[in-house]
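Descriptive structure summary
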Amino acid sequence: MRARGFTLIEVLVALAISAVGLMAAYRAAGLATQEHGWLRHRTLASWVAQNQLADAQTTPQTALNQNTGSATQAGESYRWTQQVENTFSPRFRRVTVKVARLEDPTYVLANAVGYIEVAR
């Protein structure tokens, strides 16, 4: 007569399957945490770009130039580059703002493009 219950092998297989599932869940939680930091930096850099673009639009410019500077948003420091270029219309200039972290200025986190009217 066979006793009811699980054999030792069945219990070990169930534990192995549970361990694999828990490791996958732990890995997913770790990746989600890393993504949160990356998304935070992208959002803050986007705000810096929009702020610089709004500043360029409220301060009339006629010169074609490239400016650089730094800005702090929510305790994080970013480097921005603003390029003012001609358009097909002589009355307007295209403004492109690129933002990167100070630690890695070659990796652009955010771009913003807008247009300004040339002061007469």
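Residues numbered from 1 in each chain as written. Predicted model: local features only at pLDDT ≥ 70, side-chain atom pairs only at ≥ 80, totals over all residues. Heavy atoms only, no water.

1. Considerations on the environment of Phe 92
- Along the chain, Phe 92 turns up in strand β3 (residues 92–101).
- Residues Phe 92 and Gly 37, spaced 55 residues apart in sequence, show a C-alpha to C-alpha distance of 37 Å. (Helix = DSSP H or I, 4+ residues; strand = E, 2+ residues; numbered from the N terminus.)

2. A look at the side chain of Gln 52
- Relative to the helices and strands, Gln 52 is located in helix α1 (residues 8–58).
- Residue class for Gln 52 comes out buried when judged on its relative accessible area of 14%.
- Not counting residues up to four positions away in its chain, the partners in contact with Gln 52 are Trp 80, Gln 82 and Val 97. (Buried < 20%, exposed > 50% of the residue type's maximum accessible area, 1.4 Å probe, protein only. Contact = heavy atoms within 4.5 Å.)

3. Concerning the pairing of strand β4 (residues 108–117)
- Relative to β4, β3 runs antiparallel, the two being bridged by 9 bridges. Across the sheet, Arg 94 pairs through a bridge with Tyr 115, a residue of β4.
- Two successive antiparallel strands, β3 and β4, enclose a turn made up of 6 residues. (Pairing = 2+ DSSP bridges.)

4. Some words on unusual backbone geometry
- With a phi angle near 55 degrees, Ala 74 is a residue other than glycine that sits in the positive phi range.
- In this structure, Ala 74 sits in the loop between β1 (66–73) and β2 (76–86).

5. With respect to the sheet that holds β2
- Overall, antiparallel pairing links the 4 strands, which are arranged β1-β2-β3-β4 in an open sheet. The open sheet terminates on both sides in strands that have one partner only, identified here as β1 and β4. Along the sheet, successive strands turn relative to each other by an average axial angle of 25 degrees, direction set aside.
- Of the pairings in the sheet, the one linking β1 to β2 comprises 8 bridges and is antiparallel in character. Across the sheet, residue Ala 71 finds its bridge partner in β2, namely Tyr 78. (Axes fitted to C-alpha atoms, helices over the stretch in contact; angles between N-to-C directions.)

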